[in-house]
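Here's the letter readout for the chains.
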Amino acid sequence: MIGSLAATTRQMPKEQAKRAKLVVGNWKMHGRLAENAVLMQAVAAGAATLQKGVRTAVCVPAPYLAQAQALLGGSVVAWGVQDVSAHTQGAYTGEVAAGMAADFEATFAIVGHSERRAYHGEHSDLVAVKAQRALEAGLTPIVCVGETLEQRDNGLTEQVVGTQLEAVLLVLSEAQAAKIVVAYEPVWAIGTGKTATPQIAQDAHALLRARMAQKNAPVAAGVQILYGGSMKPDNAKELMAQPDIDGGLIGGAALKAVDFLGIIQAV
Ligand code: PEP
């Protein structure tokens, strides 16, 4: 099933050529002011020399948005947050509204990361609302989807990631859907050192693009789909060479400038 969908999207080389590559770091709950400064400056300096049509960004913990704005502003590296509230404002202790991130000129907002789904009980309907809030604030939501190992072993990958994506597509207009980034992040590959093979990743990306095409084919052809899950400089090239893989969402390797830049270089 996955294979046949992959075959369909392999017939879209023209559209694929239009999509720029995007490499986004997800710092998770790591960093302190001093070490962030070193990392941001090294990434900004390195990316400036490496970038050849590759967009780069780092999604930092919300308290460090001001630091990102100060140190990355004017560089080739954009910044973003790792989550946003489903609300715009109000009595929601501890939450960060998308508009607050936008105040610091954030570009991206990760929504639906598997760690939010697993540890904070976030379901796809909530993720969909968060994507809407991000878009309303002028941010680009990076909508994460991915199956667990058990779901994959039970042949449920297509159903799981398809349902996760469709929940978001359901609430977005076609114009909004054209503005999102999707990240395929198999849960079993996140932080495990176990990367999906290029073919496994490509098949999943192809099926996600096919699901998007059911809503709107031109939108599907233009939306960037990133791979995330133990991407490193030595496996990035082969993954990014796949026709439906438009870049990476990078966790652990984004915390070391040399690794993050190595991935950008591999594109
Ligand atoms: C992530 O958490 O989004 C991720 C891809 O992590 P890692 O690269 O460490 O697997």
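What you see is a predicted model, and the numbers here were worked out from it, not measured in a lab.

Caption draft 1: Seen up close, the pattern of salt bridges. Going through the model one piece at a time under the given rule, you end up with 13 salt bridges. Linking aspartate 246 and arginine 19 is a salt bridge whose minimum nitrogen-to-oxygen distance equals 2.9 Å. Here aspartate 246, found in the loop between helix H13 (233-240) and strand S8 (247-250), pairs with arginine 19, found in the loop between helix H2 (13-18) and strand S1 (21-26); they are 227 residues apart in sequence, far enough to count as distant. In this structure aspartate 246 comes out as buried when scored by relative accessible area, which is 1%. Arginine 19 gets classed as buried once you look at its relative accessible area, which sits at 9%. The residue aspartate 246 makes a salt bridge to arginine 209 at a minimum N-O spacing of 2.8 Å. Taken together, the positions of aspartate 246 in the loop between H13 and S8 and arginine 209 in helix H11 (residues 198-215) put the pair 37 residues apart, joining distant regions of the chain. Of the two residues, aspartate 246 and arginine 209, both sit in the buried class. Taken together, the salt bridges that share partners define one network made up of Arg19, Arg209, Asp244 and Asp246.

Caption draft 2: How the structure looks around the nonpolar core. The biggest cluster of nonpolar side chains holds 68 residues, and the ones touching the most others in it are Val182, Leu208, Met212 and Tyr227. Setting aside residues no more than four positions away along its own chain, leucine 208 makes contact with Val145, Val161, Leu165, Val182, Tyr184 and Ile225. Residues Leu22, Cys59, Ala183 and Leu226 belong to the second largest nonpolar core, which totals 13 residues.

Caption draft 3: View of the site of the ligand. The environment of the ligand is formed by 14 residues, the closest being Lys28, His113, Glu185, Gly191 and Ser230. At a separation of 2.8 Å, an oxygen atom of the ligand approaches a polar side-chain atom of histidine 113. One of the backbone nitrogen or oxygen atoms of serine 230 is found 2.7 Å away from an oxygen atom of the ligand. Here the ligand has 290 Å² of accessible area as a free molecule, and 97% of this is covered by the chains. If you map the ligand onto the pockets, it falls in the second largest pocket. When its residues are assigned to classes, the shell around the ligand shows 4 nonpolar, 8 polar and 2 charged.

Caption draft 4: Structural view of unusual backbone geometry. If you check the backbone angles, glutamate 105 has positive phi at about 60° while not being a glycine. The residue glutamate 105 is located in the loop between helix H5 (98-103) and strand S4 (108-111) in this model. The phi dihedral of serine 230 is positive, around 55°, even though this residue is not glycine. In this fold, serine 230 is placed in the loop between strand S7 (225-228) and H13. With relative accessibility at 10%, the residue serine 230 sits in the buried group.

Caption draft 5: Inspection of the packing of aromatic side chains at higher detail. One pass over the full model with this rule turns up 1 aromatic pair. Taking 6.4 Å as the distance between ring centres and 55° as the angle between the ring planes, the aromatic pair formed by tyrosine 184 and tyrosine 227 counts as tilted. One end of the pair, tyrosine 184, is in strand S6 (residues 181-184); the other, tyrosine 227, is in strand S7, and 43 residues separate them in sequence. Residue classification places tyrosine 184 among the buried positions, given a relative accessible area of 0%.

Caption draft 6: View of the packing of helix H9 (residues 157-171) against H11. Where H9 contacts H11, the axes come no closer than 10 Å and their chain directions differ by 40°. Regarding H9 and H11, the two cross each other, and that crossing is right-handed. Together, Glu158, Val161, Gly162, Thr163, Leu165, Glu166 and Leu169 of H9 and Leu207, Leu208, Arg211, Met212, Gln214 and Lys215 of H11 make up the contact between the two elements.

Caption draft 7: Up close: the packing of helix H3 (residues 33-50) against helix H4 (residues 65-72). Put simply, H3 and H4 touch, their axes get as near as 10 Å, and they point 35° apart. The interaxial crossing formed by H3 with H4 has right-handed handedness. Residues Leu33, Asn36, Ala37, Met40, Gln41 and Ala44 of H3 form the contact with H4, whose participating residues are Gln67, Ala68, Leu71 and Leu72. For the contact of H3 with H4, the class distribution of residues is 7 nonpolar, 3 polar and no charged.

What counts and how
Residues numbered from 1 in each chain as written. Predicted model: local features only at pLDDT ≥ 70, side-chain atom pairs only at ≥ 80, totals over all residues. Heavy atoms only, no water. Salt bridge = Lys/Arg side-chain N within 4 Å of Asp/Glu carboxyl O. Helix = DSSP H or I, 4+ residues; strand = E, 2+ residues; numbered from the N terminus. Buried < 20%, exposed > 50% of the residue type's maximum accessible area, 1.4 Å probe, protein only. Core = buried A, V, L, I, M, F, W, Y, C linked by side-chain atoms within 4.5 Å. Contact = heavy atoms within 4.5 Å. Near = heavy atom within 4 Å. Polar contact = N/O pair within 3.5 Å; in protein donor to acceptor, adjacent residues only side chain to side chain. Areas by Shrake-Rupley, 256 points an atom, 1.4 Å probe, with all protein chains shown as cover. 1 Å grid on protein atoms, 1.4 Å probe; cavity = no way out; pocket = protein on both sides within 12 Å on 5 of 7 lines; lining within 4 Å. Sits in = over half its atoms within 2 Å of the grid points. Nonpolar A, V, L, I, M, F, W, Y, C, P; charged D, E, K, R; others polar. Phe/Tyr/Trp six-rings, centres within 6.5 Å; stacked < 30°, edge-to-face > 60°. Axes fitted to C-alpha atoms, helices over the stretch in contact; angles between N-to-C directions. Left-handed = near helix turned anticlockwise from the far one by under 90°.

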